[in-house]
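# Residue-level structural notes
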Amino acid sequence: MTAPGASRAGRPGVAREILRRLPLAGTVLGLGLAVWLVATNDLGAVADAFGRIGFLGLAAVVMMRAAIVTICAVAWQRILDGLSPAGLPAFATLRFVREGINVLLPVASVGGDVVGGRLLTFWGVAGPLAAASILADMLFQVGTQALFALLGAGLLMQVEGEPAAELARWVLRALAVAGLVLAAFFAFQRTGAARFVERKLGALSRRFVREAEPARGEGGSVQDALDAVWGRGRRLRLLQSVLLHALAWTLGAAEIAIVLACIGVEGVTVSEVLMIEALSQAIKSAAFPIPSGLGVQEGGFVIVGALFGIDPGTAIALSLAKRVPDVVLGLPSLIVWQNLESRRGTVGSPTP
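Residue numbers restart at each chain and count upward from 1, following the sequence in its written direction. Where local features are concerned, this predicted model is filtered to residues with pLDDT of at least 70; where side-chain atom pairs are given and counted, the filter is 80 or more; whole-chain, interface and lining totals use all residues. Based on all heavy atoms of the structure, the side-chain values leave hydrogens and waters out of the count.

Attention now moves to the overall build of the chain. Note on conventions: DSSP H or I runs of at least 4 residues are helices, E runs of at least 2 residues are strands, and numbering of each starts at the N terminus. When helices and strands are counted, the chain shows 13 helices and zero strands. Helices and strands appear in the chain in the N-to-C order α-α-α-α-α-α-α-α-α-α-α-α-α. When burial is assessed residue by residue, the chain has 46% of its 352 residues classed as buried. Contact definition: two residues touch when any of their heavy atoms are within 4.5 Å. Long-range contacts, defined as pairs at least 24 residues apart, comprise 80% of the intrachain contacts of the chain with a sequence gap of at least 6. A simple rule labels every residue: compare its accessible area, found with a 1.4 Å probe on the protein chains alone, to the largest value its type can have, and call it buried under 20%, exposed over 50%, or partly exposed in between.

Spanning 37 residues, helix 2 (residues 43-79) covers only 45 Å between terminal C-alpha atoms, well under the ideal 54 Å at 1.5 Å per step. Remark: the principal bend of helix 2, roughly 80 degrees, maps to Gly-54. Helix span, expected: 1.5 Å multiplied by one less than the number of residues in the helix. Two axes enter the bend calculation: one fitted to the seven residues ending at the residue in question, the other to the seven starting there, and the bend is the angle between them.

Take the nonpolar core next. Membership of the largest hydrophobic core comes to 82 residues, with the highest contact counts inside it found for Leu-119, Leu-120, Leu-156 and Val-229. With 14 residues, helix 5 (residues 127-156) is the single largest residue contributor to this core. If we ignore the near neighbours within four places in the chain, the residues touching Leu-120 are Trp-76, Leu-80, Ala-86, Phe-91, Leu-94, Val-125, Ala-130 and Ser-133. We define the nonpolar core as a collection of buried residues of types Ala, Val, Leu, Ile, Met, Phe, Trp, Tyr and Cys that are connected through side-chain atoms lying within 4.5 Å of one another.

Before going further, it helps to spend a moment on the packing of helix 5 against helix 11 (residues 270-286). Taken N-terminus to C-terminus, the directions of helix 5 and helix 11 make an angle of 125 degrees; their axes are 8 Å apart at the nearest point. One element, helix 5, and the other, helix 11, form an angle in the oblique class. Read as a crossing pair, helix 5 and helix 11 show a hand that is left-handed. Each of Gln-145, Phe-148, Ala-149, Gly-152, Ala-153, Leu-155 and Leu-156 in helix 5 lies in contact with helix 11, whose residues at this interface are Ser-271, Leu-274, Met-275, Glu-277, Ala-278, Leu-279, Gln-281, Ala-282 and Ser-285. Three residue categories are used. Nonpolar comprises Ala, Val, Leu, Ile, Met, Phe, Trp, Tyr, Cys and Pro, charged comprises Asp, Glu, Lys and Arg, and polar comprises the others, including Gly. For the contact of helix 5 with helix 11, the residue count by class is 10 nonpolar, five polar and one charged. Axes, fitted as lines to C-alpha atoms, cover a helix only where it is in contact. Angles between the N-to-C directions of the axes lie from 0 to 180 degrees. In this scheme, roughly parallel covers angles under 35 degrees and roughly antiparallel covers those over 145, while 65 to 115 is roughly perpendicular and the rest are oblique. For any helix crossing, the convention is left-handed if the near helix is rotated counterclockwise from the far helix by under a right angle, and right-handed if that rotation is clockwise.

Bringing the packing of aromatic side chains into the picture now. What counts as a ring pair is set by centres within 6.5 Å for rings of Phe, Tyr and Trp (its six-membered ring), and what kind of pair is set by the plane angle: stacked under 30 degrees, edge-to-face over 60, tilted for all other angles. According to the stated counting rule, one finds three aromatic pairs in the structure shown. Where Trp-76 meets Phe-91, the ring centres are 5.1 Å apart and the plane angle is 85 degrees; that geometry is what we call edge-to-face. With Trp-76 in helix 2 and Phe-91 in helix 3 (residues 88-104), this residue pair connects regions lying 15 residues apart in the sequence. An identical accessibility class is assigned to Trp-76 and Phe-91; each is buried. Pairing Phe-186 with Trp-230 gives two aromatic rings, centres 5.3 Å apart and planes at 80 degrees, and the pair type is edge-to-face. Here Phe-186, found in helix 6 (residues 162-190), pairs with Trp-230, found in the loop between helix 9 (222-229) and helix 10 (235-263); they are 44 residues apart in sequence, far enough to count as distant. Take Trp-230: its relative accessible area is 14%, and that puts it in the buried class. Taken together, the ring pairs in this structure connect Phe-140, Phe-186 and Trp-230 into an aromatic cluster. One cation-aromatic arrangement involves Arg-98 over Trp-76; the distance from NZ or CZ to the ring centre is 4.6 Å. Look at NZ for Lys and CZ for Arg. If either is within 6 Å of the ring centre and within 35 degrees of the ring normal, a charge sits over the ring.

Below, the discussion takes up the environment of Phe-185. As for its position among the elements, Phe-185 is in helix 6. Sequence spacing of Phe-185 and Ala-136 is 49 residues, and the spatial spacing of their C-alpha atoms is 9.4 Å. Setting aside its immediate chain neighbours within four residues, Phe-185 contacts Leu-135, Met-138 and Leu-139.

Turning our attention to the pattern of salt bridges. Salt bridge, as used here, is a side-chain nitrogen of Lys or Arg placed within 4 Å of a carboxyl oxygen of Asp or Glu. By the definition in use, this model includes 16 salt bridges. One salt bridge in this structure joins Lys-322 and Glu-255, with 2.8 Å as the shortest N-O distance. Of the two residues, Lys-322 sits in helix 13 (residues 312-342) while Glu-255 sits in helix 10, which places them 67 residues apart along the sequence. We classify Glu-255 as buried; its relative accessible area is 1%. Among the charged side chains, a salt-bridge network with shared partners connects Arg-65, Glu-255, Glu-277, Glu-298, Lys-322, Arg-323 and Asp-326.

Residue placement: Asn-102 occurs in helix 3. You can call Asn-102 buried: its relative accessible area is 11%. C-alpha of Asn-102 to C-alpha of Gly-293: the two residues are 191 residues apart in sequence and 10.0 Å apart in space.

Among the secondary structure elements, Gly-100 is positioned in helix 3. The sequence separation of Gly-100 and Trp-337 amounts to 237 residues, and the corresponding C-alpha distance is 9.2 Å. Residue contacts for Gly-100: discarding those within four places in its chain leaves Leu-105, Gly-330, Ser-333 and Leu-334.

What is shown is where atoms sit, not what they do.
Dropping the structure here:
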């Protein structure tokens, strides 16, 4: 007979096991969806459209993605400007690492962000401050994506037809929920709720501090670090970070424009390209437990592209082209990550 206490103790273990296996389950589900999409569409048409992009077209997409990730790195750096001993090269390196982990490894879409925050401590940034920068950066990134999706939904409402109207309504409903989540996330950072969570999850905070090298001042708490990040005199820096993230999301549409031009698709306007990027990203983000939106991204392009006369073969080829930078930039980033882990004691120069 099992003791009641043992039964209660086993429940958290089951929950942790489910959460641990969730990314793997998402990967399997996403791969299944991707295979189904390819199998139910003309594989020859996909290959033909992808082949027309050519090496130069794919190289242009990779360069555009590199520029976008670099802009996001600057946005992250602005959050800690004046608070951190780490320079822009550190933030740029770790922003590519964050991206590589999120798009190539079977982790939920925030796994790379957690690793990026921990790695930032290798440059002498106190653990709580590194964690606070990640929390603020994620808020700005998701918040600006929501605004970008809202722009796409607004433009889509001007498109005739019930499919466009239905998709716009779905996006608006999803954004209403996302708005509540973002408001709660903002309140978590600004109302002192992080201090309460730290007391309940002290082990996580201690892990950040343990990983940190000696940095300026005492480690403090994550809430203290958040208060420093959101300080009244730092609003211009935070605004710059927000605007840079908004620019990064907008430039994602340039990747689509490059691919469509290489394939030879004509008549797609700038507003339509913005809608395709904004809405496909919204669909992908809604399935965040699935690593890199496997299958979901492809399905999103098929759904949104159909509204503007883009056939499924071209839409899938477009999605595959946008995955090329994931591999070209992501694989070196994973190598850099492992190199950083092996040289953690010599990466940065901690301040006394």
